[in-house]
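Okay, here's what each chain looks like letter by letter:
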Number of protein chains: 4
Amino acid sequence: MTISGGGRLPETLDEAMAELNASVDVDSELWREDIEGSTAHARELARIGVLSADELDSLLGGLDTIREEIQSGAFAWDPALEDVHMNIESRLTAICGAVGGKLHTGRSRNDQVATDLRLWARRRSRELLDAISAMAGVIVDLAERELDTLMPAYTHLQRAQPSRLSHHLLAWQESLWRDYGRLADAVERLDECPLGAGAVAGSGFPLERARVASDLGFGQPMRNSIDATASRDFLIEIACALAILGVHLSRIGEEVVLWSTREFGFLELDDRFTTSSSMMPQKKNPDVAELVRGKSALVIGAATSLLVLEKGLAYGYGRDLQEDKRPIFDACQAVWQSLRALTGALATARFRRDRLQAALGEGHLCATDVADWLACRGVPFRQAHQIVGQLVREAEVRGVGLEALPTEVMARAHADLVCPEVREVLAPASAVERRRVHGGPARERVVEAIGEARERWAAARNAQPAR
Amino acid sequence: MTISGGGRLPETLDEAMAELNASVDVDSELWREDIEGSTAHARELARIGVLSADELDSLLGGLDTIREEIQSGAFAWDPALEDVHMNIESRLTAICGAVGGKLHTGRSRNDQVATDLRLWARRRSRELLDAISAMAGVIVDLAERELDTLMPAYTHLQRAQPSRLSHHLLAWQESLWRDYGRLADAVERLDECPLGAGAVAGSGFPLERARVASDLGFGQPMRNSIDATASRDFLIEIACALAILGVHLSRIGEEVVLWSTREFGFLELDDRFTTSSSMMPQKKNPDVAELVRGKSALVIGAATSLLVLEKGLAYGYGRDLQEDKRPIFDACQAVWQSLRALTGALATARFRRDRLQAALGEGHLCATDVADWLACRGVPFRQAHQIVGQLVREAEVRGVGLEALPTEVMARAHADLVCPEVREVLAPASAVERRRVHGGPARERVVEAIGEARERWAAARNAQPAR
Amino acid sequence: MTISGGGRLPETLDEAMAELNASVDVDSELWREDIEGSTAHARELARIGVLSADELDSLLGGLDTIREEIQSGAFAWDPALEDVHMNIESRLTAICGAVGGKLHTGRSRNDQVATDLRLWARRRSRELLDAISAMAGVIVDLAERELDTLMPAYTHLQRAQPSRLSHHLLAWQESLWRDYGRLADAVERLDECPLGAGAVAGSGFPLERARVASDLGFGQPMRNSIDATASRDFLIEIACALAILGVHLSRIGEEVVLWSTREFGFLELDDRFTTSSSMMPQKKNPDVAELVRGKSALVIGAATSLLVLEKGLAYGYGRDLQEDKRPIFDACQAVWQSLRALTGALATARFRRDRLQAALGEGHLCATDVADWLACRGVPFRQAHQIVGQLVREAEVRGVGLEALPTEVMARAHADLVCPEVREVLAPASAVERRRVHGGPARERVVEAIGEARERWAAARNAQPAR
Amino acid sequence: MTISGGGRLPETLDEAMAELNASVDVDSELWREDIEGSTAHARELARIGVLSADELDSLLGGLDTIREEIQSGAFAWDPALEDVHMNIESRLTAICGAVGGKLHTGRSRNDQVATDLRLWARRRSRELLDAISAMAGVIVDLAERELDTLMPAYTHLQRAQPSRLSHHLLAWQESLWRDYGRLADAVERLDECPLGAGAVAGSGFPLERARVASDLGFGQPMRNSIDATASRDFLIEIACALAILGVHLSRIGEEVVLWSTREFGFLELDDRFTTSSSMMPQKKNPDVAELVRGKSALVIGAATSLLVLEKGLAYGYGRDLQEDKRPIFDACQAVWQSLRALTGALATARFRRDRLQAALGEGHLCATDVADWLACRGVPFRQAHQIVGQLVREAEVRGVGLEALPTEVMARAHADLVCPEVREVLAPASAVERRRVHGGPARERVVEAIGEARERWAAARNAQPAR
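Residues numbered from 1 in each chain as written. Chains lettered and ligands numbered in written order. Predicted model: local features only at pLDDT ≥ 70, side-chain atom pairs only at ≥ 80, totals over all residues. Heavy atoms only, no water.

Caption draft 1: Geometry of the packing of helix H3 (residues 31-47) of chain D against helix H5 (residues 84-96) of chain D. All names here are of chain D. For the pair H3 and H5, the least separation of the axes is 10 Å and the interaxial angle reads 55°. Relative to H5, the element H3 lies oblique. Crossing geometry of H3 relative to H5 is assigned as right-handed. Facing H3, whose interface residues are Trp 31, Asp 34 and Ile 35, H5 presents Val 84, His 85 and Ile 88. (Axes fitted to C-alpha atoms, helices over the stretch in contact; angles between N-to-C directions. Helix = DSSP H or I, 4+ residues; strand = E, 2+ residues; numbered from the N terminus. Parallel < 35°, antiparallel > 145°, perpendicular 65-115°, else oblique. Left-handed = near helix turned anticlockwise from the far one by under 90°. Contact = heavy atoms within 4.5 Å.)

Pasting the structure below:
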């Protein structure tokens, strides 16, 4: 982090350079954290005697005033002052006079901005954790509501086997669970305070860094001043965690779009999450899901940007790092908006149970069950698979389901298949219940899974610090 | 592109959905093009009789008023009106009354926004072409100015062979030349007008699309209405071209940073392109070059975003495409700022000729020349290379240059090396002149290359449409 | 490009370093081009007198032998010899004796590998151009075959307006057309020969580079030796062009997957492009389309890798560039396989015309036409849109199509709607024909478009050099 | 995961499709895990009575035979058998006869490959954890060895403040520490077994999944069969962790390259980690560091590929997922090679202490100290910074260091600066010791940091399971 001029250089930048250089339109996002960090630093300066009690009071009063000015919209941001830090410091000096110039004692932009960014990342990540958890809660509620709605499970987007809507919804929830864990891990890993690292080689003043870290709610100070000012992997880690989360939201969005088509017809979004067309009066488009898919592309791009940005840098702060803010700000915003809107859309969506259940009727969904049934009778599974495959081919030629094949066709395929029990095997509802393994769609298993999920998420919520 | 409600859906969106849905803070960037496109569409509606002459006058007057309002800052953008198109259409209806509702006849948001984007992309790309050309011009000027400044050529960041500063600068210019070509190709390829494609299947009104295309300065209308509204590869192509350009700017920036170190000391930036430190009063940092490197990471991320965004979509407009604007806007802005600032920085930089030439003195830069000289005498090059490699090892042990090795060492390596001509071979200045091949650093070749470059760029500038 | 040791350094690398360093398992892909480049270089060495006629004969004979050995599988690749170049040079010396050591006179690995890569890229790109063109040909044939198959056009994956299958297929073809143009532009831009650039500062021998360039079929030699050895934007440009092409193939693949679902049922792939399941005997999965989607993700990653790889480098060859081969080889291979398999799959697929046409029946696809019809009667389009939107809402509540709404409902909405002509407006087949604008789906327009496409592609094929 | 044909489809694929479809050249990497997974599955089939004891013995014997064949190179991989799984199953049936066809009972390719991938990812990640830890160990050893080597700390690649080489090295180690944590978290998160999930909806056989999970060393079975077969975020998470690690290795590589230049001259790599040039006999290039930088670009591309690959997929296995193997295999390999070679290079590198210390002499490195000293005397830091900045400007004009400025210049700047103590302030060695804050470069702090690091890494190593 840099300032133009100082005593050494002239005060004015070239105009094109000034435009390239200014960041306040982006980094003003950090104003809360900048004031928070300055407050803690001022207190420490007072504790080590650099500031008198009066000076401290003056500075804290000035920072409070600025906070109010910004919140009320009265603060005049000035791009000529380059960044959020100089805007605030400059206003502080205007309010407090010369003592404003003492605040930056024993501190550099480099440890200041690293601290601001960690405070910001921690705050935003915790908000995102809450939003993930809220979305998971809505999904588990839906799973409970739709416990008795059967539907096909798909692979390759082809109907595969009989399953249960709530089982499908719980799969979404499992993805979110890991997303939650990744983001929580990232928050834990960034819980160290850079303040006191100075520009690169540590502050020359006897700051007690652990005390400042504690004031700011950090677990400990960072262990190395060069690392503290040069490293942004905490941002990349968050961006990667959000990119993966974005992939999951996009996959859910993909299914919402698909299920909202006339062809699938499994889902109807509430009107308030859709829009119409400027030309076609009949349209009701699943925009919420499409926008979520679209936003996730931006998050992947943001993660890429951050990786690329840091890759080429030697250790020690490089000005390239100024450009880390836009990607991480955008990524957090995109995911935040996506989580909230998609949660609302799911909470208000109507599943069309008739269509879901009807879809079990076509596609020979119980073919596996017949092969399994033969395997239980000692036919090696590979052979059983072959036998049933040929029956399916026969059924397709005749344009009927497996259950409608004539007895002689069944008999020719395998003598056992004449047994009336085969009709039972071919009933989708019983096929679902046969999948009683842990993690399967049988009703009892899903009821357990819902209970387990509720407990797990509640425990996770309780483990987060209150705020 | 969509509008909330219409007659079919209720007018209000869920609050979180409204936030996800609104784009006017980003797409207001398109206001010029939206007015331009609407003007052309209105004229065509009049030509086919949908608008009377009076109605056309009213609409064109209204659009002029809006243009002035936006330029003067008087226009009140409203996020509740979702996007730039509805903001303008809504204001137009306020100004013109019911006839405002006729403008959208035979048009959809989908062909409207595709047209706006192409107009915008064409305008911005042409500005960028000018900026690339200007930077190349500055570099060629520098190459001329520094024609007689020798320096080492590097590979692996190790000194390699004697060369010439202007030869190095011309390498930068060659990269920019291809960047210019790529962007110009992209502009040419996007020179087709989507207007009249409607929502997806073409307008139902007898618009003469070629006439509208021509009014907007396009070469022709797009050939397929589905492609016209669903495809954004013209944006990806620009983003990729800019990402490659960004890579080149970043490489130049890398060299500026390196050459500005105390260790290299080849270059001194003008103060107006550097900044100091908030903590360290002595610092003069090459921020311009670092920011250019940093911005280029964002452009790579933007190209990635656009590729990812489109990858999953079926043909026919999907709302995901709303998210294509931010990446392309940001990428163009980042490259524009980078080009302009870096051009200024190079134009005002001071090359430290003494340091550049001094760097020829160490590193055995003429070792290749000795091997070549032996090869000319019939020693197979591989063997000559081996012989000289051993001499270098010997010189390193002794801590001297090749030219300072005792005669007996040279003689032991190869009898011919005792010849006094070898001293000449070991002189860097003559080594540069020996590299007289086309594209080499010999003075005469570089003079030619400068002339050729000037002509080439001038021809390219002349080939661009005047504006 | 480097060689271990030489005379200066010991011959052995650390074991872990040797593993990191070896590239022959990847770059042996370049063997044809390496021999081609060496052949041209040897001829030039003979022309300038470095090689005698006998020496030239010996080297060319040796290179021929090696070509045959590699083609027949008899060549023993040795990772200890690091790369393709040393493997071939080493074998050449074994065959020809000491004269083998003369081949590298006036050449460096740096200009050698840059030449090999351009030759390779040109060859592979031309193959890819042919494959794109072949796919477009198949699509145009399909468009002709399915000229009279109607289907809905979709936006947001919702049925939008009546259209025509061949119109949809031609949209795919339009994307491929731009892809073809991008790749052809890249081939044209790379048509310059690096040979003679040496390691970085040009060869010290009086090679006539234009002559060598011409021997290798290049338009001209590269203009700057530093640029020639340090720049790989020609690879990035190809990778970006392929990534965009990959996006289009993925979009087509997405539609094939979708249309192959039981729910859409628009398309049936030939069995030879599908596979079944190891567990579920009934499955017929559209693997060809899914693999094409998957491969395209790899191509996007490859383009990213290449951008990132070059971004951090100063000018002058850096060893990082060794890693450019795997991404570009993989990208070309992935796209090549995708083009060929998808072309075959489309050529043999069966469109289910009944299902496509049936899909026009539901979804109020002619709502726009009614609004347009009102607009033609002077109702401002915005108001007409509102009126029809309310009719759609009414129809949805009643569970009927617009055409089935009672007359009094129509009359209440707008008096004109009682007119019998409205029934005609609501017929999908006539709605398609109403979209007669250039680029629209009316039969006549599509017939023209097919003819125009055939001519355009034929001209492009003719413009390519014969081979 | 799919198999061609089965009973339903013909056995032969189209040739181009077969090429697209085959994966055995890539996924044979999974052979160990495939045998391991099949062994556990066979045992469970025996426990639930699907296999008799004899059948189990036969299958286990067959699998052992295959393991030996593959290890010895005797196994004949056949691309026509598509993938690793069919190659092994086919060979098993050849060895064991019809009972081989029973192994796949109650299992699908989908849960089989998900299990293989998790086993593989766990094994490779643990190897990588060891390699990270080994590299950190080498760095801490170096830090101890170089405890008394002073050097400048840099920001913006400009000399900033006096510091200590070991402090710099410990910054590298801190980055690796977080990389270790990220990868360890990923391993912990993937510690769940998919086996028993079947194709998508769970196995129809009463497998006790927890028992199988335990046999394979997993903590528990996955909780949802759809998630188990459709999700690959465990691979993306690893790829992202490796991409960040790659960024750090690249940054270290960047410094090795820089420090190896003649201009910096801080570091000399051992010859066994460098290579020479094919043309320039004097070259000793820092290839190890450049290759590490290059490989890291590939890892970023791999992470991008995996994100893109999954983004578009609905839940339930899609064949696109076949393409997840190449990126993750390549990423692990690239990082593994990089870690090992860079570790060796650092362990054998020679730091040139004289050059490092000499670099403290120029650049006004103690300017901050003078400003701090004034601040301690009550001058507001901003003013002190200004004063010293002007002194630097003066010193630059005169071409001297701050310490050489005449007394009257100092006095004019600020009266206190005449004090002899200022000379002490300007001594780099004492400036380093003044930075005694936690995480600073003072000798005592660094000694503590070395001890703390040793303990931390030892604890981490102990926490890993023995193997």
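Once you've had a look at it, read on.
Caption draft 2: Structural context of the interface of chain B and chain C. Listed per partner, the contact involves 109 residues of chain B and 108 residues of chain C. Where chain B abuts chain C, roughly 9,300 Å² becomes buried across the two surfaces, and 57% of that area is made up of carbon and sulfur atoms. Counting the surface chain B buries against chain C, the share from its top three residues, Arg 223, Arg 251 and Tyr 315 of chain B, is 11%. For the interface between chain B and chain C, the tally reads 18 salt bridges. Between Glu 174 of chain C and Arg 223 of chain B there is a salt bridge, with its nearest N and O atoms 3.2 Å apart. Counting every contact that joins chain B to chain C gives 52 residue pairs in polar contact (both at pLDDT 80 or more). When the residues that make up the side of chain B that touches chain C are grouped by side-chain class, the tally is 43 nonpolar, 37 polar and 29 charged. (Buried area = accessible area lost by both parts, 1.4 Å probe. Salt bridge = Lys/Arg side-chain N within 4 Å of Asp/Glu carboxyl O. Polar contact = N/O pair within 3.5 Å; in protein donor to acceptor, adjacent residues only side chain to side chain. Nonpolar A, V, L, I, M, F, W, Y, C, P; charged D, E, K, R; others polar.)

Caption draft 3: Highlighting the pairing of strand S2 (residues 158-164) of chain D. Residues and elements named next belong to chain D. Most of S2 is tucked away, with 7 of its 7 residues classed as buried. Bridge count between strand S1 (residues 150-155) and S2: 6 bridges; the pairing is antiparallel. Residue Pro 152 lies in a different strand from S2, and its bridge partner there is Pro 162. Linking S1 back to S2 in an antiparallel pair, the connection comprises 2 residues, with His 156 at a positive phi of about 55°. (Buried < 20%, exposed > 50% of the residue type's maximum accessible area, 1.4 Å probe, protein only. Pairing = 2+ DSSP bridges.)

Caption draft 4: Examining the environment of Asp 116 of chain D more closely. All names here are of chain D. The topology assignment puts Asp 116 in helix H6 (residues 109-145). By relative accessible area, Asp 116 is classed as buried at 1%. In sequence terms Asp 116 and Val 400 are 284 residues apart; their C-alpha atoms lie 66 Å from each other. Ignoring sequence-local partners within four residues, the contact set of Asp 116 consists of Leu 30, Glu 33, Asp 34 and His 85.

Caption draft 5: Structural detail: the interface of chain A and chain C. With 46 residues of chain A in contact, the opposing surface of chain C contributes 46 residues. Summed over the three residues of chain A that lose the most area to chain C, namely Arg 262, Glu 263 and Gln 282 of chain A, the buried surface amounts to 19% of that side. Summed over the shared surface of chain A and chain C, the result is 6 salt bridges. Between Glu 362 of chain A and Arg 262 of chain C there is a salt bridge, with the nearest N and O atoms lying 3.3 Å from each other. Between chain A and chain C we count 22 residue pairs in polar contact (both at pLDDT 80 or more) in total. Elements with a minimum of two residues in the side of chain A that touches chain C: strand S1 (150-155), strand S2 (158-164), helix H10 (233-259), helix H11 (287-311), helix H14 (367-376) and helix H15 (381-398) of chain A. When grouped by side-chain class, the residues that make up the side of chain A that touches chain C number 18 nonpolar, 16 polar and 12 charged.

Caption draft 6: Region of the structure containing the relation of the copies chain A and chain C. With an RMSD of 0.0 Å, the operation that places chain A on chain C is a rotation of 180° combined with a shift of 0.0 Å along the axis. Both copies are brought into coincidence by an operation consistent with a two-fold rotation axis. By residue overlap, the copies meet face to face through one surface: 100% of the interface positions of chain A are interface positions in chain C. (Least-squares fit on C-alpha atoms with pLDDT ≥ 70 in both.)

Caption draft 7: The arrangement of the packing of H10 of chain A against H11 of chain A in detail. Residues and elements named next belong to chain A. In the contact formed by H10 and H11, the axes pass within 8 Å of each other and the chain directions differ by 160°. One finds that H10 runs roughly antiparallel with respect to H11. Crossing hand, H10 versus H11: left-handed. Of the residues contributing to the contact of H10 with H11, the split by class is 17 nonpolar, 4 polar and 5 charged.

Caption draft 8: Molecular detail of the relation of the copies chain B and chain C. Between the two copies, chain B and chain C, the superposition gives an RMSD of 0.0 Å; the rotation angle is 180° and the shift along the axis is 0.0 Å. A symmetric contact is evident, with 99% of the interface residues of chain B recurring at the interface of chain C.

Caption draft 9: Quick peek at the pattern of salt bridges. In this structure the tally under the stated criterion is 226 salt bridges over all chains. Put simply, Asp 320 of chain D and Arg 293 of chain C hold a salt bridge, and the shortest N to O gap is 2.9 Å. In this pair, Asp 320 of chain D sits in the loop between helix H11 (287-311) and helix H12 (325-348) while Arg 293 of chain C sits in helix H11 (residues 287-311), so the two residues belong to two different chains. With respect to class, Asp 320 of chain D is no different from Arg 293 of chain C; both count as buried. Here Arg 145 of chain D and Glu 146 of chain D are joined by a salt bridge, their closest N and O atoms 3.1 Å apart. Exposure remark for Arg 145 of chain D: the relative accessible area of 41% places this residue in the partly exposed category.

Caption draft 10: View of the domain arrangement of chain A. Each assigned domain of chain A is listed with its residue range as follows: domain 1 (15-105), domain 2 (110-213 + 222-358 + 456-463) and domain 3 (360-445). One C-alpha centre belongs to domain 1 of chain A, the other to domain 3 of chain A, and the line joining them spans 73 Å. (Domains from an automatic or database assignment.)

Caption draft 11: Representation of the packing of aromatic side chains. Applying the stated criterion to the full structure yields 42 aromatic pairs over all chains. Their ring planes at 25° and their centres at 6.0 Å tell us that Trp 172 of chain A and Trp 259 of chain A sit as a pair that is stacked. Remark: Trp 259 of chain A occurs in helix H10 and Trp 172 of chain A occurs in helix H7 (residues 165-189); sequence separation between them is 87 residues. Here Trp 172 of chain A matches Trp 259 of chain A in class, with each residue buried. Plain terms: the ring middles of Trp 259 of chain D and Phe 351 of chain D are 6.4 Å apart, the flat faces sit at 70° to each other, and that makes the pair edge-to-face. With a gap of 92 residues between them, Trp 259 of chain D in helix H10 (residues 233-259) and Phe 351 of chain D in strand S7 (residues 350-351) connect regions that are remote in the sequence. The exposure class of Trp 259 of chain D is buried, given its relative accessible area of 3%. Three or more aromatic residues joined by ring pairs make a cluster, and in this case those are Tyr 154, Trp 172, Trp 259, Phe 264, Phe 266 and Phe 351 of chain A together with Tyr 154, Trp 172, Trp 259, Phe 264, Phe 266 and Phe 351 of chain C. Of note, Arg 377 of chain B hangs over the ring of Trp 373 of chain B, and the distance from its end group to the ring centre comes to 3.8 Å. When the ring centre of Tyr 315 of chain A is taken as reference, the NZ or CZ atom of Arg 251 of chain D above it lies at 4.7 Å. (Phe/Tyr/Trp six-rings, centres within 6.5 Å; stacked < 30°, edge-to-face > 60°. Lys NZ or Arg CZ within 6 Å of the ring centre and 35° of its normal.)

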